Amino acid sequence: MPTSEFSDVFVSYRRLDVEFVKQIVEDLQKEGKEIWIDWEDIPPGSVGFADDIKRGLEGADAFICILTPDYLESTYCVDLELGYAIQLNKKIIPLVLKKFDGYDIPSGIGHINWIYFTPHAGQENTFEESFPKIIQAMDVNLEHVRSHKSYILRAIDWDNHVIFV
């Protein structure tokens, strides 16, 4: 069960890559990060899966997407999860797990400095080399990112006609 409706990061991935994702989640938790991940944060029997995903995104400081050919072929991952993260102007941290030459890059992430977990540009990019870059990316401008999340949540509440006390 999640300890809070808020998290440091929402992780978006394809099930084919679940072993890698488990390693990322475990190591982020060791670093004291609160993770939103579907296998922990969507209750069994939930009938509002897409709504659960959106709430998880809204309450996260950052959004990690595990980029692979399978991820880029998933309209669910690209359009719903990544698209909503872009719409909310979340801090997006793209991780490249598998090369995807020839695939279209989703709009809204081409300008970001991606973190590679596969050989790229003459670098090996082992897990041990690349993982600390995730922490570094998450911690940049953290106060600003958290303020942004607070404003987004208040705006969503306003749109939903929630009365502020």
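Reading the values: rules and limits
- Residues numbered from 1 in each chain as written.
- Predicted model: local features only at pLDDT ≥ 70, side-chain atom pairs only at ≥ 80, totals over all residues.
- Heavy atoms only, no water.
- Phe/Tyr/Trp six-rings, centres within 6.5 Å; stacked < 30°, edge-to-face > 60°.
- Helix = DSSP H or I, 4+ residues; strand = E, 2+ residues; numbered from the N terminus.
- Buried < 20%, exposed > 50% of the residue type's maximum accessible area, 1.4 Å probe, protein only.
- Lys NZ or Arg CZ within 6 Å of the ring centre and 35° of its normal.
- Pairing = 2+ DSSP bridges.
- Right-handed = clockwise from strand over helix to strand, strands pointing away.
- Disulfide = S-S within 2.5 Å.

1. Quick look at the packing of aromatic side chains
1) Next: The final tally for this structure, using the stated rule, is eight aromatic pairs.
2) Next: When the centroid spacing of 5.6 Å and the interplanar angle of 15 degrees are considered together, the rings of Phe10 and Phe63 count as stacked. Here Phe63 lies in strand 3 (residues 60-67) and Phe10 lies in strand 1 (residues 7-12), a separation of 53 residues in the sequence.
3) Next: Assessed through its relative accessible area of 1%, Phe10 is described here as buried.
4) Next: Taking the centre distance of 5.8 Å and the plane angle of 40 degrees together, the rings of Phe100 and Trp114 count as tilted. Taken together, the positions of Phe100 in the loop between strand 4 (91-96) and strand 5 (115-116) and Trp114 in the loop between strand 4 and strand 5 put the pair 14 residues apart, joining distant regions of the chain.
5) Next: With a relative accessible area of 8%, Phe100 lands in the buried category.
6) Next: Among the aromatic residues, ring-to-ring pairing joins Phe20, Phe117, Phe127 and Phe131 into one connected group.
7) Next: Directly above the aromatic system of Tyr84 lies the positively charged group of Lys54, at a separation of 5.3 Å from the ring centroid.

2. Some remarks on the pairing of strand 1
1) Next: The buried fraction of strand 1 amounts to six of the six residues, a majority that puts the element mostly inside the structure.
2) Next: Of the pairings in the sheet, the one linking strand 1 to strand 2 (residues 35-36) comprises two bridges and is parallel in character. The partner of Val9 across the bridge, within strand 2, is Ile35.
3) Next: For the segment spanning strand 1, helix 1 (residues 18-30) and strand 2, crossover handedness is right-handed.

3. Notes on the state of the cysteines
1) Next: Tallying each qualifying case throughout the model produces zero disulfides.
2) Next: Unpaired in terms of disulfides, Cys65 finds its nearest cysteine sulfur in Cys77, a separation of 9.4 Å.
3) Next: Judged by its relative accessible area of 0%, Cys65 is buried.
4) Next: Classification of Cys77 as buried rests on a relative accessible area of 4%.

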